[in-house]
Amino acid sequence: MTKQDMTSLFILVLFTCISVRPSCGQIDKSAGWDNIKFLEEALQTYNLIFHRYDAKIRPPRSFVEINAKYSLTHIRSFDLRRQELQMVLDIELSWTDGRLVWYQDRVDRIMSLTNSVWTPDIVYTNAVLPTRSMFHNHVMIYSSGKVVLTQKEEVTTFCATNLDAINQECQISIGFLSNSQGNQRDRFFSESASFNISDSFSNQEWDLQNVTVDRVVKNETGKISNINIYLTLEKKLDKMDTTSVEASESGSTACLGADDDTKPADRNRAGHVVSQTAAILMCLWLSMTYVGR
């Protein structure tokens, strides 16, 4: 173990000790809690599970199943011309690594840096910009070998937009980098993988009308290798846009009404054309007078 690893371990164990008991290094007789033994066990546990652990090798089992939970918390921008949708996602990934199991006494979980354990190579296959992690990522490791990775990411994906439409259909495609050829056999998403909208989600420009999650099986194993999320976004009309639309419709109706009044059945063709032209000119004159004010 390097000096940097020892420093990180000391800080980690100290933080764990402080968060569990405010008087680390003392025996709390009233609660039957020995903080010194807790600290010793935490150090022993860390050394035990990471002894000869190689983060470059996946967990030793036929395949690793990843339980993925995604939550849309914010739409930062939606550029219709560049066809780019930028979002903020809350993510929780969990899996089991049998190399990280220990017998639990006082310590039932530890926290470690993400790069100290194997993590799945999950990517956004339709991303157009590098994904940005908004916080330093850590993993929570439980005595059962369960590993939980929680993170918040800024993601920008391609969206085939229609400039003339109010509704836009966008897609978020999630898969494994190692599955670019569609022959993945050692890591998959669990059937409980989910995508939802955060209760705090709101946007001043777009309404989220519908969300559909498609779990894709692309191999003979019958396991989920990709997740596609389809979003239906509807452009909001502000008050000024609504007023303009109503005024335009009202003006059009008024002119059509004037036109209709000049169509008596007993007029000949020439008189009808003269009356129609006069009505249109009157409409234009009234419009220009109103704008001039």
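Preceding block: the structure.
Anyway, here's the lowdown on the structure attached to this text. What you are looking at is a predicted structure, and each value in this text was computed from that prediction instead of being measured.

**With respect to a nonpolar patch on the surface**
A cluster of nonpolar side chains, namely Val128, Leu129 and Phe158, defines an oily patch on the protein surface of about 240 Å² accessible area. Here leucine 129 lies in the loop between β6 (122–124) and β7 (132–133). The exposure class assigned to leucine 129 is partly exposed, which follows from its relative accessible area of 40%.

**Notes on the nonpolar core**
In this structure, Phe50, Tyr70, Leu93, Ile174 and Phe189 are the most contacted members of the largest nonpolar core, which totals 47 residues. Within the residue set of this core, elements represented by two or more residues are α2 (35–50), β3 (64–79), β4 (84–96), β6, β8 (138–142), β9 (146–158), β10 (167–176) and β14 (226–235). When residues in this core are grouped by element, the largest group, 7 residues, is from β3. With residues near it in sequence (within four places) discarded, isoleucine 174 still touches Tyr70, Ile122, Val123, Tyr124, Thr125, Phe189, Ser225, Asn226, Ile227, Asn228 and Ile229.

**Examining the sheet that holds β6**
Strand order in the open sheet made by the 4 strands is β6-β10-β14-β13, with antiparallel pairing throughout. Both outer strands of the open sheet, β6 and β13 (206–216), are each paired with one neighbouring strand and no more. In this sheet, adjacent strand axes meet at a mean angle of 20° when their direction is disregarded. Of the strand pairs in this sheet, β10 and β14 are connected by 8 bridges, and their pairing is antiparallel. Across the sheet, residue glutamine 168 finds its bridge partner in β14, namely leucine 233.

**A few points about the side chain of glutamate 41**
Topologically, glutamate 41 is positioned in helix α2. As a buried residue without a salt bridge, glutamate 41 has its nearest oppositely charged side chain in arginine 106, at a separation of 4.0 Å. Engagement of the side chain of glutamate 41 in a polar contact is seen with the backbone nitrogen of aspartate 105, the distance being 3.3 Å.

**Notes on α2**
For an α-helix, 3.6 residues make a turn, and residues three or four places apart therefore share a direction. Here α2 contains 16 residues, and its C-alpha end-to-end distance of 23 Å stays within 8% of the 22 Å for a straight helix at 1.5 Å per residue. Those residues of α2 lying buried are Asn35, Phe38, Glu41, Ala42, Thr45, Tyr46, Ile49 and Phe50. When α2 is viewed along its axis, its buried side chains cluster within an angular range of 135° and face the same direction. Facing away from the buried side of α2 by over 90 degrees, the exposed positions are Gln44 and Leu48. Looking one or two residues beyond α2, the residue adopting positive phi is arginine 52, at roughly 65°.

**Details of the layout of surface pockets**
Empty space within the second largest pocket amounts to approximately 220 Å³. Elements that contribute at least two residues to the lining of the second largest pocket include exactly β4, β6 and β9. Here the lining of the second largest pocket is built from residues that sort into 8 nonpolar, 6 polar and 1 charged.

Calculation rules
- Residues numbered from 1 in each chain as written.
- Predicted model: local features only at pLDDT ≥ 70, side-chain atom pairs only at ≥ 80, totals over all residues.
- Heavy atoms only, no water.
- Patch = residues over 30% accessible without salt bridge, like charges linked within 9 Å, V, L, I, M, F, W, Y side chains within 5 Å.
- Areas by Shrake-Rupley, 256 points an atom, 1.4 Å probe, with all protein chains shown as cover.
- Salt bridge = Lys/Arg side-chain N within 4 Å of Asp/Glu carboxyl O.
- Helix = DSSP H or I, 4+ residues; strand = E, 2+ residues; numbered from the N terminus.
- Buried < 20%, exposed > 50% of the residue type's maximum accessible area, 1.4 Å probe, protein only.
- Core = buried A, V, L, I, M, F, W, Y, C linked by side-chain atoms within 4.5 Å.
- Contact = heavy atoms within 4.5 Å.
- Pairing = 2+ DSSP bridges.
- Axes fitted to C-alpha atoms, helices over the stretch in contact; angles between N-to-C directions.
- Lys, Arg positive; Asp, Glu negative; His and termini not counted.
- Polar contact = N/O pair within 3.5 Å; in protein donor to acceptor, adjacent residues only side chain to side chain.
- Expected span 1.5 Å × (residues − 1).
- Arc of directions from axis to C-beta.
- 1 Å grid on protein atoms, 1.4 Å probe; cavity = no way out; pocket = protein on both sides within 12 Å on 5 of 7 lines; lining within 4 Å.
- Points joined across faces, edges and corners; volume = space filled by probe spheres on them.
- Nonpolar A, V, L, I, M, F, W, Y, C, P; charged D, E, K, R; others polar.

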